[in-house]
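Summary of the model geometry
These are the residues of each chain, in order.
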Amino acid sequence: MSESTAPATAGSSAPAGVVVAESATARGRRARIALRGLQVLLALVYGIASALPKLIGHPSAAESFEQLGWGSAGMYTIGALELAGAVALLIPVLQSVAAMALGALMVGGFVVRIAVFDGQYAATPLILIVPLALIAWARRGHNAELLRLLRLRV
């Protein structure tokens, strides 16, 4: 058996340029776990830190929406969208779509922060867009399954 096709063992290292199936599987498993952890973390951030204050009408959230001129209706709407996105990040068939929707919400949040609040905390939505884009791209395979499920219902 040549060196490039020899099976990997626990103590051996593969020649340069050779992908060993066992290490690729372990690396892929670690990547999937890390991505899932990121999704859970973002779901907690959106559900607890962002949506909850809006949905309970916390004074800090209410003040911002009054300053925008959107009032409580806008506050509850954005809170509900964030909570829905947080939950959907944890549902396999909805993960990619949820990340894209939350990313779009963050683009809106960035624009509002720049236009109305003179850039105060404008970096926060931009920072959150990065992991959301990663999740949307990494979980994009679920979009075909979602479309298939939607077609079955029509």
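Before going into details, it helps to say that this report is about the structure given with it. Predicted model, so just to flag it, every value in this text is computed and none were measured.

**Description of the packing of helix α4 (residues 95-115) against helix α6 (residues 142-153)**
For the pair α4 and α6, the least separation of the axes is 7 Å and the interaxial angle reads 105°. One element, α4, and the other, α6, form an angle in the roughly perpendicular class. Each of Gln 95, Ser 96, Val 97 and Met 100 in α4 lies in contact with α6, whose residues at this interface are His 142, Asn 143 and Leu 146. Grouping the constituent residues of the contact of α4 with α6 by class yields three nonpolar, four polar and no charged.

**Here's the deal with helix α2 (residues 59-68)**
Along α2, the positions that sit buried rather than exposed are Ala 61, Phe 65 and Leu 68. Viewed end-on, α2 has its buried residues packed into an arc of 50°, placing them on one side of the element. Away from its buried face, by an angle of more than 90 degrees, α2 presents the exposed residues Pro 59, Glu 63, Glu 66 and Gln 67. Once α2 finishes, Gly 69 follows within two positions and takes phi at roughly 90°, a positive value.

**Describing the nonpolar core**
Counting 15 residues, the largest nonpolar core has Leu 42, Tyr 46, Leu 89, Ala 99, Leu 132 and Ile 135 as the members making the most contacts within it. Setting aside anything within four residues of it in sequence, one finds Tyr 46 in contact with Ala 51, Glu 82, Ala 86, Leu 102, Met 106, Leu 128 and Leu 132. Membership of the second largest hydrophobic core comes to seven residues, among which are Ala 61, Phe 65, Ile 78 and Phe 117.

Definitions and cut-offs
Residues numbered from 1 in each chain as written. Predicted model: local features only at pLDDT ≥ 70, side-chain atom pairs only at ≥ 80, totals over all residues. Heavy atoms only, no water. Axes fitted to C-alpha atoms, helices over the stretch in contact; angles between N-to-C directions. Helix = DSSP H or I, 4+ residues; strand = E, 2+ residues; numbered from the N terminus. Parallel < 35°, antiparallel > 145°, perpendicular 65-115°, else oblique. Contact = heavy atoms within 4.5 Å. Nonpolar A, V, L, I, M, F, W, Y, C, P; charged D, E, K, R; others polar. Buried < 20%, exposed > 50% of the residue type's maximum accessible area, 1.4 Å probe, protein only. Arc of directions from axis to C-beta. Core = buried A, V, L, I, M, F, W, Y, C linked by side-chain atoms within 4.5 Å.

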